[in-house]
Amino acid sequence: MLYPIALTAGVLAASGCLADVVDGVTRTPVNPTAWAMDYYNQGEVVSGVTRTLHIAGQVSVVDAPGTTWGVKASKPNDMRDQMAGALAAIDAVLEGAGMTRDNLVHMQFFVTDMDAGLDSVDILMDWLGDRRPPQSFIGVEALFMPELVIEIEATAVSGN
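Residues numbered from 1 in each chain as written. Predicted model: local features only at pLDDT ≥ 70, side-chain atom pairs only at ≥ 80, totals over all residues. Heavy atoms only, no water.

J.: Would you mind showing me how to read the nonpolar core here?
T.: Nonpolar side chains in soluble globular proteins tend to be buried together. If you look at the biggest cluster of nonpolar residues, it comprises 24 residues, and the most contacted ones within it are L87, I90, L94, M107, L124, W127 and I152. At the level of elements, β4 (51-58), α2 (79-96), β7 (104-111), α4 (121-128) and β9 (150-158) are the ones that each hand at least two residues to this core. Counting residues in hydrophobic clusters, the runner-up holds 6 residues, among them V59, A73, L143 and M145. (Core = buried A, V, L, I, M, F, W, Y, C linked by side-chain atoms within 4.5 Å. Buried < 20%, exposed > 50% of the residue type's maximum accessible area, 1.4 Å probe, protein only. Helix = DSSP H or I, 4+ residues; strand = E, 2+ residues; numbered from the N terminus.)

Now the structure itself:
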């Protein structure tokens, strides 16, 4: 089903989602339909940005000296463990940039098993708390190591 989108004031504050200000950045949800609002906003108008952090694909790995990459999957083919580990890696990048999860404005998930990925969304929802930035969940054939089942990219913004 197609959902026509008209950017009107009613759409910007659809279903009770109001604009929010974090670190001097105003984020206004755009949700022309309510079907996904428990999980993410379909869009966000972001203004007041002075810094943007683009986070490369994060995976859940542990040191493995002597291997090609020097790391291996934290738990091979375990979606729940790897989702938690990749989210922890995003936390580390955010912290290094002086930001938090509240600064996230977009996330992309690449999963090799869509059913397992969707069955692990509770981990993501707990990690996100009340914030629900726009997201994409994309099924892929493989990641850079065969034992990896999820990779997460993200974008964060700050007004200072």
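J.: Help me understand the sheet that holds strand β3 (residues 43-47) in this model?
T.: Neighbouring strands of a sheet are bound in pairs by backbone hydrogen bonds; such pairs are parallel or else antiparallel. Across the sheet, 3 strands lie side by side as β1-β2-β3; this open sheet has antiparallel pairing. One side of each edge strand has no neighbouring strand; the edge strands of this open sheet are β1 (20-22) and β3. Adjacent strand axes in the sheet meet at a mean angle of 30°, parallel and antiparallel pairs treated alike. (Pairing = 2+ DSSP bridges. Axes fitted to C-alpha atoms, helices over the stretch in contact; angles between N-to-C directions.)

J.: Please explain the environment of R101 as it appears in this structure.
T.: Within the secondary structure layout, R101 lies in the loop between α2 and β7. Residue classification places R101 among the partly exposed residues on the basis of a relative accessible area of 30%. Along the backbone, R101 and P133 are 32 residues apart, and their C-alpha atoms lie at a distance of 9.8 Å. Contact partners of R101, with chain neighbours within four places excluded, come to D91, L94 and W127. (Contact = heavy atoms within 4.5 Å.)

J.: Can you walk me through the environment of K72 in this structure?
T.: Residue placement: K72 occurs in strand β6 (residues 71-73). For the pair K72 and M145, spaced 73 residues apart in sequence, the C-alpha to C-alpha distance is 8.0 Å. What K72 contacts, discounting residues up to four positions off in sequence, is S60, V61, V62, A64 and M145.

J.: Help me understand the packing of aromatic side chains, please; the structure alone is not making it clear to me.
T.: Per the stated rule, a full pass over the model turns up 2 aromatic pairs. Plain terms: the ring middles of W69 and F144 are 5.3 Å apart, the flat faces sit at 85° to each other, and that makes the pair edge-to-face. Here F144 lies in the loop between β8 (135-139) and β9 and W69 lies in the loop between β5 (61-63) and β6, a separation of 75 residues in the sequence. (Phe/Tyr/Trp six-rings, centres within 6.5 Å; stacked < 30°, edge-to-face > 60°.)

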